[in-house]
Amino acid sequence: MKLDDLVAAIRAAHGSHTPLRIRGGGSKDFYGGMLAGEVLDVAGYRGIVAYEPTELYLTARCGTPLAEIEATLAECGQRLAFEPPGFFGATLGGCVAAGLSGPGRQQAGAVRDFVLGVKLVDGTGQVLDFGGQVMKNVAGYDVSRLLAGSLGTLGVLAEVTLKVLPKPVAERTLVFGLDAAEAVARLNQWGGRPLPISASFWHDGQLWLRLSGAGAAVEAACSELGGRPASVDADNFWHAVREQRHPAYAGGVLWRLAVPTATPVLPLAGLRAIEWGGALRWYGEEAETARAAAAAAGGHATLYRAPESLRCRVDAFAPLSPALLALHRRLKKSFDPLGILNPGRLYAEF
Amino acid sequence: MDFSPDASFQTDRATLARQLRLVLPAHCLLVDEEDLRPYECDGLTAYRELPLAVCLPENEGQVVDVLRTCHQMGVPVVARGAGTGLSGGAMPHAQGVVLSLARFNKIIRLDPLARLAVVQPGVRNLAVSEAAAPHGLYYAPDPSSQIACTLGGNVAENSGGVHCLKYGLTVHNVLRVRVVSIEGEIFEIGSEAPDAPGYDLLALLIGSEGMLGVVTEVTVKLVPRPELAQVVMASFDDVGKAGAAVASIIAAGIIPAGLEMMDKPATAAVEPYVKAGYDLNAEAILLCESDGTPEEVAEEIARVTEVLKAAGASDLRVSQSEAERLRFWAGRKAAFPAVGRITPDYYCMDGTIPRKRLAEMLAAIADMEKKHGLRCANVFHAGDGNLHPLIMYDAAQPGEWARAEAFGAEILELSVALGGSITGEHGVGIEKINQMCVQYKTPELNAFRRIKAAFDEGGLLNPGKAVPSLHRCAEYGRMHVHHGDLKFPELERF
Ligand SMILES: Cc1cc2nc3c(=O)[nH]c(=O)nc-3n(C[C@H](O)[C@H](O)[C@H](O)COP(=O)(O)OP(=O)(O)OC[C@H]3O[C@@H](n4cnc5c(N)ncnc54)[C@H](O)[C@@H]3O)c2cc1C
């Protein structure tokens, strides 16, 4: 597949007002609003375009499987520090468009924090280049980061440049027996101290804590923090968390609540897991009160995974204020005037 | 550079003053020329303009009222923090109002457990870290101007500092902003919770140079202060070797807390002023900081030392005390004023390039010094490829400023040609408006214009800055070609 093919497909759809459903690996079909439109398969536009370990960046086409990127980085001792879920067959484009980060988010930052540049095909079939391959660039509005998490509604991410980082030298995992309230309190206390904590995961009375960094720092922190070393293979464990294959994420309905880190345990049933130092909380019941509870705490709730019967009744993402919604619409229009790209995937209104 | 105000705005001074008096108390409004004078420029003093009025609101309601008034009257508004900007971003509009946020100087809330602070936009960068210090926390982005510059200005410019490579820029450290639109509407953007729903408008707002809205509140992330920090100072007898050493550190899998470079003219200017202890025989010095637990720092310093030796450092010194570490940095942080002492005027550039092109860039700058007949000292956020060449000139000498400007433009355009950007942290402002036409093509510039219109349809917020008009790019393109000195013919143009 060539860039010209992508451009031609979008131009044609623009010409005929045909809604398109952009699809990379299809690994996140479950995520966001209901799928609509004619499938535009971009998985064929793939391949790593440039990778310079000492410049700390990698540029690849949108259809490149994340697994291929990770493998290439690993050869040079580097990685994507935000640890995006690869699910089965996730592509780079889908990863950035969905904006989902994994356990590394707690310390290293989110997908958007690592986006340096994008090549975009907008809703009229125009190719636009924003950002670049350097670490710092404040010329013009930061459109590259705006696109992270936009779920394909502003354009097809044809190519993305990400900042990459070296793998930590040492990594250790500790386990603590704590209830949810204690876990949240501890995580926040630790968060205020210079400890090399890189990930956390609480589930069913156990808090898992990952320490990453220089060997000496990790060892020192382990002896200071106590707990017990993980009895299972820690790499496998964190991989299961990242890929959401841990039993905590199982079941038909999953709510994802993002809250200020120190928020006490919410009065909601079905708490499955806590991540990101307390900022991310997963609930498994059909807790339709989740949205109100998250908002009351200063956060927001996403209906992350649900059967179609629920998805067609409840929006995936927390509603925007009227002023923000109007602004979203204007921005959407400026990139995709006819509204043909992934309509309804982010919000039903556009 | 010609930045003659576009004729699209015509404001009646008396009517404007009358309307503003309706919404602001007398002590919050300046209209007399002598009172306006201090606002005529920012840190880039070569570009000046007097506004018609300066508003100094004391609460958000007044900001809303001023913006509504200007919106109704079709008057340009230029927001202003401390005025330390280096690209003319806060330079007033001749037909407009300066909206100073200087009186928004309160830290509203500091939550040590959640590690965040809610501050007003006029709070100084350093004041946040000072307030957080008793809790063992600090705000990571540390521009060299941090004793003076404000959080509002930092947000507008996406400012960085010497610790960005490891700790990120403003965009990585701000959780939420409250913004008033030109129509006087209030937006909450971002939140204390991660990944706010909808588009990442926070990313769009940060670095938008006061073009999209006026920031009235900022929530920043605070991070724990590392137990220890130490700096290695390495001397090199060749700038190329110093540049290669930077790449070797990264290649060794090390992301230092800070990685800065200064060339000989820069250290020569700094040393008599600060007595930082720099090696004055070196062609270039590198400052490489390591932070963390004592064990971690010891381990990293050992690795860095080895890499630097292998890269051909002629001398290495490791700070032996906090006082010595601060002294090493004091020289770097005072580099601009130090250069200011040895020349009547200096012009600070801000291009970024891939690290590996550093030696090439420095060689080109040396040639440009001859070509333009001006000296240049180089300080460099080497870790993230961000150059700060300081071009020395004398504004009192006819023609020198024009030469300095041409010199600067050439550096910026070479930055783009080498795969970088015209600005890493100081913003486009008015200064680099022409070079935007070099870095971006028409479709991208049009996309920027549409984004601007989505926030500010009438184009009243900071007009003439950051995003050039089509007309300006056409003119600039013609001028370049006309003079027959098309600089980098391999570049795609206009
Ligand atoms: C000696 C010196 C050293 C410097 N070192 C660094 C450095 O290391 N790193 C770096 O990044 N920069 C540096 N700078 C540049 C400058 O300090 C930064 O750009 C700073 O963020 C500007 O803040 P300010 O409050 O002075 O903003 P101003 O100069 O007043 O304004 C800057 C821009 O922000 C807009 N603005 C201000 N407040 C608001 C608001 N509330 N809402 C919307 N828009 C607003 C203005 O319209 C303008 O476009 C340095 C400057 C000097 C003089």
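Residues numbered from 1 in each chain as written. Chains lettered and ligands numbered in written order. Predicted model: local features only at pLDDT ≥ 70, side-chain atom pairs only at ≥ 80, totals over all residues. Heavy atoms only, no water.

Caption draft 1: Spotlight on empty space enclosed by the protein. Residues and elements named next belong to chain A. Overall, the coordinates contain eight cavities of 30 Å³ or more when judged by the stated rule. As a volume, the largest cavity reaches approximately 330 Å³. Secondary-structure elements contributing two or more residues to the lining of the largest cavity are β1 (20–23), α3 (92–98) and β8 (156–163). Sorting elements by how many residues they give to the lining of the largest cavity places α3 first, with four residues. Per-class residue counts for the lining of the largest cavity are 10 nonpolar, 11 polar and four charged. Counted as a void, the second largest cavity has a volume near 170 Å³. (1 Å grid on protein atoms, 1.4 Å probe; cavity = no way out; pocket = protein on both sides within 12 Å on 5 of 7 lines; lining within 4 Å. Points joined across faces, edges and corners; volume = space filled by probe spheres on them. Helix = DSSP H or I, 4+ residues; strand = E, 2+ residues; numbered from the N terminus. Nonpolar A, V, L, I, M, F, W, Y, C, P; charged D, E, K, R; others polar.)

Caption draft 2: Representation of the site of the ligand within the structure. Residues and elements named next belong to chain B. Taken together, 33 residues sit near the ligand, with Ala-79, Gly-81, Thr-84, Ser-145 and Thr-150 positioned nearest. Within the side chain of Thr-150, one N or O atom sits 2.6 Å away from an oxygen atom of the ligand. Within the side chain of Glu-425, an N or O atom sits 3.0 Å from a nitrogen atom of the ligand. Bound to the protein, the ligand loses 95% of the 980 Å² it would expose on its own. The element that contributes the greatest number of residues to the shell around the ligand is helix α5 (residues 151–157), accounting for five residues. (Near = heavy atom within 4 Å. Polar contact = N/O pair within 3.5 Å; in protein donor to acceptor, adjacent residues only side chain to side chain. Areas by Shrake-Rupley, 256 points an atom, 1.4 Å probe, with all protein chains shown as cover.)

Caption draft 3: A look at the domain arrangement of chain B. Residues and elements named next belong to chain B. Structurally, chain B comprises domain 1 (13–100), domain 2 (107–224), domain 3 (228–338) and domain 4 (343–481). Here domain 1 and domain 2 have C-alpha centroids that lie 23 Å from each other. Of the roughly 1,200 Å² buried at the junction of domain 1 and domain 2 (both faces included), carbon and sulfur atoms supply 64%. Contact with domain 2 buries surface across domain 1, with Glu-60, Leu-67 and His-71 losing the most and accounting together for 39% of the total. The interface formed by domain 1 and domain 2 holds one salt bridge in total. Of the charged contacts in the structure, one is a salt bridge between Arg-178 and Glu-60, with a shortest N-O distance of 2.8 Å. Here domain 1 and domain 2 share two residue pairs in polar contact (both at pLDDT 80 or more) between them. (Domains from an automatic or database assignment. Buried area = accessible area lost by both parts, 1.4 Å probe. Salt bridge = Lys/Arg side-chain N within 4 Å of Asp/Glu carboxyl O.)

Caption draft 4: Up close: the sheet that holds strand β16 (residues 280–283) of chain A. Residue and element names in this part refer to chain A. Pairing within the open sheet is antiparallel, and its eight strands lie in the order β13-β10-β12-β11-β15-β16-β14-β17. Single-partner strands in this sheet number two, and they are β13 (228–229) and β17 (300–305). As paired strands, strand β14 (residues 254–258) and β17 are joined by five bridges and run antiparallel to one another. By the bridge assignment, Leu-257 is partnered in β17 with Ala-301. Set on the sheet, helix α7 (residues 180–191) makes contact with β10 (170–177), β11 (197–203), β12 (206–213), β15 (271–275) and β16; between it and β12 the angle comes to about 20°. Contacts from helix α9 (residues 234–242) reach β10, β11, β12 and β15 within the one sheet, and its direction differs from that of β11 by about 70°. (Pairing = 2+ DSSP bridges. Contact = heavy atoms within 4.5 Å. Axes fitted to C-alpha atoms, helices over the stretch in contact; angles between N-to-C directions.)

Caption draft 5: Broad picture of the packing of aromatic side chains. Tallied over the full model, the rule gives 24 aromatic pairs over all chains. Their ring planes at 65° and their centres at 5.3 Å tell us that Phe-30 of chain A and Tyr-304 of chain A sit as a pair that is edge-to-face. Here Phe-30 of chain A, found in the loop between β1 and β2 (38–41), pairs with Tyr-304 of chain A, found in strand β17; they are 274 residues apart in sequence, far enough to count as distant. No difference in accessibility class separates Phe-30 of chain A from Tyr-304 of chain A, as the two residues are buried. When the centroid spacing of 5.0 Å and the interplanar angle of 85° are considered together, the rings of Tyr-440 of chain B and Phe-448 of chain B count as edge-to-face. Per residue, the accessibility class of Tyr-440 of chain B equals that of Phe-448 of chain B, and both read buried. Above the plane of the ring of Tyr-45 of chain A lies Arg-61 of chain A, whose end atom (NZ or CZ) is 5.3 Å from the centre. Its guanidinium or amino end placed over the ring of Trp-276 of chain A, Arg-105 of chain A lies 5.2 Å from that ring's centre, counting from NZ or CZ. (Phe/Tyr/Trp six-rings, centres within 6.5 Å; stacked < 30°, edge-to-face > 60°. Buried < 20%, exposed > 50% of the residue type's maximum accessible area, 1.4 Å probe, protein only. Lys NZ or Arg CZ within 6 Å of the ring centre and 35° of its normal.)

Caption draft 6: Broad picture of the side chain of Gln-230 of chain B. Residue and element names in this part refer to chain B. Tracing the chain through its elements places Gln-230 in strand β12 (residues 228–236). Among the polar contacts listed, one links the side chain of Gln-230 to the backbone oxygen of Ser-319, at a separation of 3.0 Å. The contact partners of Gln-230, leaving out residues within four places of it in the chain, are Cys-288, Glu-289, Ser-290, Val-297, Ile-301, Val-318, Ser-319 and Arg-325.

Caption draft 7: Summary view of the environment of Val-42 of chain A. Residue and element names in this part refer to chain A. Position of Val-42 among the secondary structure elements: in the loop between β2 and β3 (48–52). Given the relative accessible area of 5%, Val-42 is considered buried. Each C-alpha atom, one on Val-42 and one on Gln-107, is 32 Å from the other, the two residues being 65 residues apart in sequence. Sequence-distant contacts of Val-42, defined by excluding residues within four places in its chain, comprise Met-1, Leu-6, Ile-22, Arg-23, Gly-24, Cys-62, Gly-63 and Val-156.

Caption draft 8: Spotlight on the pairing of strand β9 (residues 186–190) of chain B. Residues and elements named next belong to chain B. In this sheet, β9 lies alongside strand β8 (residues 174–180) in antiparallel orientation, the contact comprising five bridges. Bridging from a neighbouring strand, Val-180 pairs with Ile-186 of β9. The antiparallel hairpin formed by β8 and β9 contains five residues in its connecting segment, where Gly-184 sits at a positive phi of about 90°.

Caption draft 9: Representation of the domain arrangement of chain A within the structure. Residue and element names in this part refer to chain A. When cut into domains, chain A gives domain 1 (3–166 + 325–335) and domain 2 (170–306). Taking only C-alpha atoms, the centre of domain 1 and the centre of domain 2 are 27 Å apart. Taken together, the contact pairs 17 residues of domain 1 with 18 residues of domain 2. Where domain 1 meets domain 2, there are two salt bridges. Measuring nitrogen to oxygen at the nearest pair gives 2.9 Å for the salt bridge that ties Arg-210 to Glu-83. Where domain 1 touches domain 2, the interface holds nine residue pairs in polar contact (both at pLDDT 80 or more). In terms of residues, the side of domain 1 that touches domain 2 owes the most to one element, helix α4 (residues 105–108), which gives three residues. Residues that form the side of domain 1 that touches domain 2 fall into these classes: eight nonpolar, six polar and three charged.

Caption draft 10: Fine view of the state of the cysteines. Residues and elements named next belong to chain B. Applying the stated criterion across every chain yields a total of one disulfide over all chains. Covalent S-S linkage joins Cys-437 and Cys-473, the inter-sulfur distance amounting to 2.2 Å. The disulfide joining Cys-437 to Cys-473 has a torsion of about -80° about its S-S bond and is therefore left-handed. Here Cys-437 is found in helix α16 (residues 433–439), whereas its partner Cys-473 is found in helix α18 (residues 470–482), with 36 residues between them in sequence. Per residue, the accessibility class of Cys-437 equals that of Cys-473, and both read buried. (Disulfide = S-S within 2.5 Å.)

Caption draft 11: Region of the structure containing the packing of helix α8 (residues 215–225) of chain A against helix α11 (residues 294–310) of chain B. Between α8 of chain A and α11 of chain B, the least distance of the axes is 7 Å, while the angle of their chain directions is 170°. Accordingly, the angle class assigned to the pair α8 of chain A and α11 of chain B is roughly antiparallel. Contacts between α8 of chain A and α11 of chain B involve Gly-215, Ala-216, Ala-217 and Ala-220 of chain A from the first element and Glu-295, Glu-296 and Glu-299 of chain B from the second. Class assignment of the residues belonging to the contact of α8 of chain A with α11 of chain B gives a composition of three nonpolar, one polar and three charged. (Parallel < 35°, antiparallel > 145°, perpendicular 65-115°, else oblique.)

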